[in-house]
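Here is what each chain is made of, one letter per residue.
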Amino acid sequence: MPRQRLYPLADLEDIPGTKVFTARRSRQGYYLHKFCMSLMQSENREEFKKNERAYLDKFPMTEDQKQGVLARDFNRLIELGGNMYFLVKIASTDGWSAQKAVGSMTGMTPEEYATMMREGGRSPEGLRSIREGN
Amino acid sequence: MARISAGIATSHVPAIGAAIDLGKTQDEYWAPIFQGYEFVKEWIKDNTPDVVILVYNDHASALMLDIVPTFAIGFAEEFQSADEGWGRRPVPVVQNHIDLAAHVAEQLVIDEFDITIINEMDVDHGLTVPLSLMFGQTEEWPCKVIPLAVNVTQFPTPSGERCWKLGEAIRNAVKTFPEDLDVQVWGTGGMSHQLQGTRAGLINKEFDNQFLDLLAHEPEELATWTRLKYLREAGTEGIELIMWLIMRAALGYGVEELHRFYHVPASNTAVGHVVYKAKS
């Protein structure tokens, strides 16, 4: 039976403010994510908190990825192959709520972001497609 | 013979689990959410199944780093709650029903679903939050649970259509299990939410409610929705909703909607919850 592609994969790049986590990005983020998953053990969290840089140096991550972690710059980490389900373990280690971690990527203060969510969240209007502007 | 008697769907937001664990369910922020689960907590006391096939996604707790299975079935005798960075949730150990899990796994492969079998893993909030929402805080879960994990994180995820067909295959597998078992299928995750980038915080009430409308009575329509549609309309993590299609297809053609609940927000996410009774 002939198979029809429903959309070109290039369309995944057409969503404003969004990096779709693909297999290639997953490989780019592999060691960053290995670090994140190491934080699922309390002794590793303690060691990371004591000396973040020394702990990060145990993983063959890129320097950019290490800087992104040290700065808690989640947007940058996503640019560098990260996915939030891994990255949120850094936030949890810091005692941040998931809302604070996610809100930190929006340019809003935690209070502004929390208020937006309580008021119904961010409307998809104008944020569906870069090409269509809708 | 085993039969699928009912289906439940719910969001599985980690903060909901934290609210339960920390005794915050009556706080102003959380009370309206837990109100939405009062019905099911009562209903399930009289309708406790022998086994739940619990469709969820692992949030980079046991899977997704070294191994990324599209569909995977838990095949250990029991599963501990994962430490996701703040310690393990204080919930009972999840007990599997090995005979049914083995039968379903075998039948799925025979039915051309090449499912991955996981002999050891911890289960994260994706699985334990729904259990807590239905059964509350308890010493042990009142039924066996077969974890069925779906990749909704790394693209491409399975399509909605593929999830629909998996649900049908699960239905066929359960119906051919010789032991007399009452089985429920739960679909979890969603509804609209995006946890990344400048579009984070996206909520699409119109999309979510259309999904809920169609899921009960015109679910085949949903099987045609593309992954891209979910990403655009419901956010990068909103695509978790494809797991609800597995639950719905497993129930067969007709369902009675016993309960529906929708609330915005819990943390970053729109909360949706339905309870369906199978008609056939």
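Residues numbered from 1 in each chain as written. Chains lettered and ligands numbered in written order. Predicted model: local features only at pLDDT ≥ 70, side-chain atom pairs only at ≥ 80, totals over all residues.

For the rest of this paragraph, the subject is the environment of A:Arg76. Locating A:Arg76 in the fold gives a position in helix H6 (residues 74–79). Separated by 12 residues in sequence, A:Arg76 and A:Asp64 place their C-alpha atoms 8.6 Å apart. (Helix = DSSP H or I, 4+ residues; strand = E, 2+ residues; numbered from the N terminus.)

Turning our attention to the interface of chain A and chain B. Across the boundary between the two partners, chain A contributes 49 residues, which contact 36 residues of chain B. Within the residue set of the side of chain A that touches chain B, elements represented by two or more residues are helix H1 (23–28), helix H2 (30–38), H6, helix H7 (84–93), helix H8 (98–103) and helix H9 (110–118) of chain A. Of the residues in the side of chain A that touches chain B, the class split is 23 nonpolar, 19 polar and seven charged. (Contact = placed C-beta atoms within 7 Å. Nonpolar A, V, L, I, M, F, W, Y, C, P; charged D, E, K, R; others polar.)

What follows concerns the pairing of strand S3 (residues 71–74) of chain B. Here three bridges tie S3(B) to strand S7 (residues 144–150) of chain B, and the two strands are oriented antiparallel to one another. Note that in S7(B) the partner of B:Ile73 across the bridge is B:Leu148. (Pairing = 2+ DSSP bridges.)

Residues and elements named next belong to chain B. With nine bridges connecting them, strand S9 (residues 255–266) and strand S10 (residues 269–278) associate as antiparallel partners. The partner of Glu257 across the bridge, within S10, is Tyr276. In this structure, the hairpin formed by S9 and S10 is closed by a connection of two residues, where Ser267 is found at a positive phi of approximately 60°.

Before going further, it helps to spend a moment on the confidence of the model for chain B. On average, chain B scores 97 in pLDDT, and the residues at 70 or more come to 100%. Per the prediction output, this complex has pTM 0.97; the corresponding ipTM is 0.95. (pLDDT = per-residue confidence, 0-100.)

Within a sheet, each strand pairs with its neighbour through backbone hydrogen bonds, oriented either parallel or antiparallel. All names here are of chain B. Spatially, S6-S3-S7-S2-S8-S1-S10-S9 is the arrangement adopted by the eight strands of the open sheet, whose pairing is mixed. A single partner strand is all that each edge strand has here, and the edge strands are strand S6 (116–118) and S9. Each strand axis lies, on average, 20° off the axis of its neighbour in the sheet, ignoring direction. Pairing geometry for strand S2 (residues 51–56) and S7, over six bridges, is parallel. Residue pairing for S7: Ile53 is matched across the bridge by Ile146. Across the face of the sheet, helix H6 (residues 160–175) comes into contact with strand S1 (3–10), S2, S3 and strand S8 (182–188) while running at roughly 145° to S1. (Axes fitted to C-alpha atoms, helices over the stretch in contact; angles between N-to-C directions.)

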